[in-house]
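# Remarks on the overall topology
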Amino acid sequence: GSEMCIRDRVLASQFYIYTENASQDIMIVNADEVQIENVQLYDVLGKQIQAWDITLQHKEGNKLRLKTNKTSSGIYYMKLKSREGVAEKKIYLGF
């Protein structure tokens, strides 16, 4: 219902996502240090492009570095799953 939608929107606002062009890594800044369990990357048609198990990823303080599979430039959606819910973010990858 709408309660879940509002909670997920608040959760999504706790993450800032950007890319490092040199390494083609996706960086997630997790200011509130929400316990992320996994992250999935989808194209605009809803096809899953890549998924990451967060326990296997490199953390740098409150930043999480995700290695990409040299994905093409364009608009993508990221789903971040945590105990608090699912956050969805639209991102542009411009390598």
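Our structure is the block above this text.
Residues numbered from 1 in each chain as written. Predicted model: local features only at pLDDT ≥ 70, side-chain atom pairs only at ≥ 80, totals over all residues. Heavy atoms only, no water.

## Some points on the sheet that holds strand 4 (residues 48–53)
Read across the sheet, four strands follow the order 4-3-7-8 without closing on themselves; strand pairing throughout is antiparallel. One side of each edge strand has no neighbouring strand; the edge strands of this open sheet are strand 4 and strand 8 (85–93). Neighbour-to-neighbour, the strand axes of the sheet open up by a mean angle of 20 degrees, direction not taken into account. (Pairing = 2+ DSSP bridges. Helix = DSSP H or I, 4+ residues; strand = E, 2+ residues; numbered from the N terminus. Axes fitted to C-alpha atoms, helices over the stretch in contact; angles between N-to-C directions.)

## Topic: the packing of aromatic side chains
Under the definition given, this model contains one aromatic pair. The ring of Y42 is capped by K79, whose NZ or CZ atom sits 5.3 Å from the centre of that ring. (Phe/Tyr/Trp six-rings, centres within 6.5 Å; stacked < 30°, edge-to-face > 60°. Lys NZ or Arg CZ within 6 Å of the ring centre and 35° of its normal.)

## Re the pairing of strand 6 (residues 63–67)
As paired strands, strand 2 (residues 25–30) and strand 6 are joined by five bridges and run antiparallel to one another. The residue of strand 6 that forms the bridge with I26 is L66. With three bridges connecting them, strand 5 (residues 58–60) and strand 6 associate as antiparallel partners. Following the sheet pairing, H58 is matched in strand 6 by R65.

## Some details on the sheet that holds strand 5
Read from one edge to the other, the open sheet built from four strands follows the order 1-2-6-5, with strand pairing classed as antiparallel. On the outer flanks of this sheet lie strand 1 (15–20) and strand 5, each paired with one strand and no other. If you compare each strand with its neighbour and ignore which way they point, the axes differ by 25 degrees on average.

## A word on the side chain of Q50
Mapping Q50 onto the fold places it in strand 4. Using a relative accessible area of 9% as the deciding quantity, one classes Q50 as buried. Within the structure, Q50 has its side chain in polar contact with the backbone nitrogen of N69 (distance 3.0 Å). When sequence neighbours within four positions are dropped, the list of residues in contact with Q50 reads V39, Q40, L41, K67, T68, N69 and T71. (Buried < 20%, exposed > 50% of the residue type's maximum accessible area, 1.4 Å probe, protein only. Polar contact = N/O pair within 3.5 Å; in protein donor to acceptor, adjacent residues only side chain to side chain. Contact = heavy atoms within 4.5 Å.)

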